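Results of the structural survey
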Amino acid sequence: MQLNSPQDGYGSLFTGINTEIPLLNGRQRKYINFDNAASTPPFKAVKNAVVQFMDYYSSVHRGTGYKSQLSTHAYEVSRQAVLRFVSADPNTHTCIFGKNTTEAINKLARRYPFTEQRNLVITSGMEHHSNDLPWRAAVDVVHVKLTEDGRLDINNFDELLQHYSDRVALVAITGASNVTGFINPYYELAEKAHHVGAKIVVDCAQLAPHRKVDMLPADDPAHLDFITISAHKLYAPFGIGALVGPQEIFASGDPDLTGGGTVEIVTLDEVIWASPPDRDEAGSPNTIGAIALAAAIYQLEAVGIQAVADHEAQLTSFALEQLAMFPEISVIGDFDPDRSAERLGVIPFNLQGISHFLVAAILGHEFGIGVRSGCFCAHPYVLHLLKVDKENELEVRNQMMGGDRSNMPGMVRASFGLYNSSDEIEALIEALRAILLGNYQGNYVQERASGEFIPQGWNPEFDRFFSIPNLIELPNQTNIKS
Ligand SMILES: Cc1ncc(COP(=O)(O)O)c(C=O)c1O
């Protein structure tokens with residue numbers, strides 16, 4: 001199939017996407033990555049920025065040397081790039097760097113000024129655990145119910161908001177689901193939350209790489225108060241993420257992590273915390289990560305986020321059309337190719353009568369296709385989508401507690417990124433056809449503890465492809481002065 005995107009994809013902007021990997025039969029094949037909802041490969045621009053910056057890398061913030069000043073400048077420019085990327089006002093908002101979305105949400109859960117009166121969070125049954133468990137650890141939490149096909153039940157949201165209108169402090173909702181790719185109506189939710197005096201945090205880990213995130217001006221009733229992103233899902237896998245929100249929230253209260261960098265003044269008797277964002281960035285920051293993220297942002301903006309969305313919608317539509325040809329494959333969530341532009345390119349499915357664990361294993365070992373299977377850190381959502389009843393849930397729970405995951409419910413998930421092509425989707429479809437026909441060679445044995453299938457005789461030989469000791473150069477003896 002021919003897509004309208006350049007070269008049927010944007011592969012030339014990426015590094016590592018033509019890498020060959022070994023198969024079970026001893027041959028090698030170009031790896032196809034359909035696990036972008038988990039992590040994405042880097043843009044070349046990101047790699048180049050990191051490599052070039054390496055020669056200037058030095059301590060940030062308090063160093064007086066030229067390299068320190070340049071590094072500090074680059075770090076702060078990266079922060080501004082994030083603020084611009086999500087249309088946050090740099091005069092009123094701050095960007096706090098951390099490891100990832102999980103850390104960002106944990107921070108907000110610990111730093112948000114909940115009061116005795118307002119101490120409840122409304123989240124939903126479709127969240128990644130990272131936008132659920134941190135709230136449960138901090139305050140009371142209620143979960144918005146879902147419709148049968150796994151969308152947010154807006155009527156139930158309205159009921160909960162009404163019921164808890166005096167108590168709700170925050171609505172914490174995902175921008176887009178990492179399981180079904182559904183995009184939530186977060187502006188509508190924001191407006192309603194503000195109406196009862198609550199704020200909203202939108203988990204943009206999935207959304208930001210694929211759609212414009214616009215926090216809107218603070219005087220717009222639909223504005224987003226807080227957002228979170230993860231760079232490794234945004235083509236910049238260098239261990240950074242960001243929490244963006246109003247400076248005033250982070251200008252008071254104790255930081256959740258204390259230490260160097262968080263303070264204005266310290267005496268033996270007194271500590272005066274720094275202003276945001278420093279108060280919330282304890283210790284030496286991930287400067288290289290910040291620069292990588294900024295490079296990814298610039299590159300995404302150069303492509304144009306609408307072009308990203310268009311390309312991925314075409315891929316999704318094509319994949320859904322192809323999957324519909326197999327009566328033995330059930331696509332979960334929305335399977336209508338005509339609605340591909342309204343959701344992300346994240347497609348969960350199951351093959352009748354074959355464990356999701358086994359399908360994923362065969363795709364990887366015999367076809368060089370990387371997908372993910374299981375519950376995708378969204379157990380309640382996956383059980384809902386699979387319509388697992390309470391009795392079954394309890395049975396599986398007990399099996400898992402007994403160290404046996406072999407019957408764990410789950411799905412296979414193929415998730416697309418900007419660089420994927422229709423040829424790759426065709427390869428996936430051919431692989432699924434082969435699996436359905438039983439045309440695979442491995443003798444797969446299921447591990448009880450993990451539920452995963454391992455083919456007998458598999459020897460991954462990782463060191464042949466990547467080995468840290470092999471990269472180490474010996475010092476040139478003639479250059480060493482005695
Ligand atoms: C919707 C959503 N939220 C949060 C996370 C957590 O992101 P991270 O692992 O980068 O902290 C993920 C990761 O898959 C996600 O998909």
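Predicted model, so just to flag it, every value in this text is computed and none were measured.

Looking at the site of the ligand
Inspection of the region around the ligand gives 14 residues, with Asn100, Thr102, His128, Asn178 and Ser230 positioned closest. For the shell around the ligand, the class distribution of residues is two nonpolar, eleven polar and one charged.

Concerning the environment of Gln52
As for its placement among the helices and strands, Gln52 is situated in helix H1 (residues 44-54). By C-beta crowding, Gln52 is classed as exposed, having 11 other C-beta atoms within 10 Å. Along the primary structure Gln52 and Lys67 are separated by 15 residues, whereas in three dimensions their C-alpha atoms are 13 Å apart.

Overview of the nonpolar core
Ala292, Leu293 and Ala296 are the most contacted members of the largest nonpolar core, which has 118 residues in total. If you tally residues by element for this core, the top one is helix H8 (residues 287-303), at ten residues. Per-domain counts for this core show at least three residues from each of domain 1 (6-30 + 304-465) and domain 2 (46-301). With sequence-adjacent residues up to four places away left out, Leu293 is seen in contact with Ser78, Val82, Ala231, Leu234, Ala236 and Ile240.

Topic: the packing of helix H9 (residues 305-323) against helix H13 (residues 422-436)
In the contact formed by H9 and H13, the axes pass within 10 Å of each other and the chain directions differ by 20°. In terms of orientation, H9 lies roughly parallel with respect to H13. Crossing geometry of H9 relative to H13 is assigned as right-handed. When H9 is examined against H13, the residues Leu315, Phe318, Ala319 and Gln322 are found in contact with a partner set consisting of Ser422, Ile425 and Ile429.

A word on the sheet that holds strand S5 (residues 120-124)
Strand order in the open sheet formed by seven strands is S4-S10-S9-S8-S7-S5-S6, with mixed pairing between adjacent strands. Only two strands of the sheet have a single neighbouring strand rather than two, namely strand S4 (93-98) and strand S6 (140-144). When strand polarity is set aside, the average angle formed by the axes of neighbouring strands in this sheet is 20°. Sheet analysis places S5 next to S6, joined by five bridges and oriented parallel. Note on S6: the bridge partner recorded for Leu120 is Asp140. Against the sheet, helix H5 (residues 154-163) touches S5, S6 and strand S7 (168-174), its axis set at about 155° to S6. On top of the sheet, helix H6 (residues 186-195) reaches S7 and strand S8 (199-203); it is set at about 160° to S8, its chief contact.

Regarding unusual backbone geometry
In this chain, Pro276 is followed by Pro277 through a cis amide linkage whose omega measures 5°. Non-glycine residue Leu216 carries a positive phi angle of around 65°. With respect to the helices and strands, the residue Leu216 is situated in the loop between S8 and strand S9 (226-230). Looking at Leu216, the number of C-beta atoms within 10 Å reads 15, which means it is partly exposed. One non-glycine residue, Glu461, lies in the positive phi region at around 45°. With respect to the helices and strands, the residue Glu461 is situated in the loop between strand S19 (453-455) and helix H14 (462-465).

Brief notes about the environment of Phe318
Residue placement: Phe318 occurs in helix H9. Given 19 C-beta atoms within a 10 Å radius, Phe318 is considered partly exposed. For the pair Phe318 and Ile425, spaced 107 residues apart in sequence, the C-alpha separation works out to 8.0 Å.

A look at the pairing of S9
The element S9 is largely enclosed, with a buried count of five among its five residues. Both faces of S9 are covered, namely the face carrying Phe226, Thr228 and Ser230 and the face carrying Ile227 and Ile229. Across three bridges, S8 lies against S9 in parallel orientation. The residue bridging Asp203 from the neighbouring strand is Thr228, located in S9. Inspection of the sheet shows S9 paired to strand S10 (residues 241-246) by four bridges, in the antiparallel sense. Across the sheet, residue Ile227 finds its bridge partner in S10, namely Val244.

Quick look at the pairing of S10
When you tally the buried positions in S10, you get five out of six residues, the bulk of the element. As judged from the six bridges shared by S4 and S10, these two strands associate in the antiparallel manner. Paired with Cys95 across the bridge in S10 is Val244.

Examining helix H10 (residues 356-367)
Taking 1.5 Å per residue, twelve residues should reach 16 Å; H10 reaches 16 Å between its end C-alpha atoms and fits that length. Across the twelve residues that make up H10, a large majority, twelve, are buried. If you check which residues of H10 are buried, you get His356, Phe357, Leu358, Val359, Ala360, Ala361, Ile362, Leu363, Gly364, His365, Glu366 and Phe367. Trailing H10 by a residue or two, Gly368 shows a phi angle of about 65°, which is positive.

Digging into helix H12 (residues 390-401)
In a regular helix each residue adds 1.5 Å, so twelve residues correspond to 16 Å; H12 covers 16 Å between its end C-alpha atoms and thus fits that length. Burial analysis of H12 places just zero of its twelve residues in the buried class, a small minority of the element. Just beyond H12, the residue with positive phi is Gly403, at close to 85°.

So, the domain arrangement of the protein chain
Domain annotation of the protein chain identifies domain 1 (6-30 + 304-465) and domain 2 (46-301). Once you take the C-alpha centre of each, domain 1 and domain 2 turn out to be 29 Å apart. Listed by partner, the interface residues are 23 residues for domain 1 and 23 residues for domain 2. For the side of domain 1 that touches domain 2, the secondary-structure elements that each account for two or more residues are H9, strand S14 (346-351) and helix H11 (379-385). The leading source of residues in the side of domain 1 that touches domain 2 is H11, at five residues. In terms of residue class, the side of domain 1 that touches domain 2 is made up of 15 nonpolar, four polar and four charged.

Rules used throughout
- Note that residues are indexed from 1 along each chain, following the sequence as it is written.
- With the structure being a predicted model, the display of local features is reserved for residues of pLDDT at least 70 and the display and counting of side-chain atom pairs for 80 or more, all residues being used for whole-chain, interface and lining totals.
- Residues are counted as near a molecule or strand when the C-beta atom, derived from backbone positions, lies within 6 Å of that molecule or strand.
- Each residue is assigned to one class: nonpolar for Ala, Val, Leu, Ile, Met, Phe, Trp, Tyr, Cys and Pro, charged for Asp, Glu, Lys and Arg, and polar for all the others, Gly among them.
- The way it works is that DSSP assigns letters per residue, a run of H or I at least four long becomes a helix, a run of E at least two long becomes a strand, and they are numbered from the N terminus.
- In this scheme the burial state of a residue depends on its C-beta neighbours within 10 Å: 20 or more other such atoms mean buried, 12 or fewer mean exposed, and anything in between means partly exposed; the C-beta positions come from the backbone.
- By our criterion, buried Ala, Val, Leu, Ile, Met, Phe, Trp, Tyr and Cys residues that link up through C-beta atoms within 7 Å make up a nonpolar core.
- Start and end positions for the domains come from either an automated domain assignment or a database one.
- We call two residues in contact if the C-beta atoms placed from their backbones are at most 7 Å apart.
- Note on method: axes are straight lines fitted to C-alpha atoms, helices fitted across the in-contact stretch only, with angles between N-to-C directions ranging 0 to 180 degrees.
- What sets the label is the angle itself: under 35 degrees gives roughly parallel, over 145 gives roughly antiparallel, 65 to 115 gives roughly perpendicular, and the rest give oblique.
- Crossings are assigned a handedness: left-handed for a near helix turned anticlockwise from the far helix by less than a right angle, right-handed for a clockwise turn.
- For two strands to pair, DSSP has to find at least two bridges joining them.
- Expected span of a helix: the number of residues minus one, times 1.5 Å.

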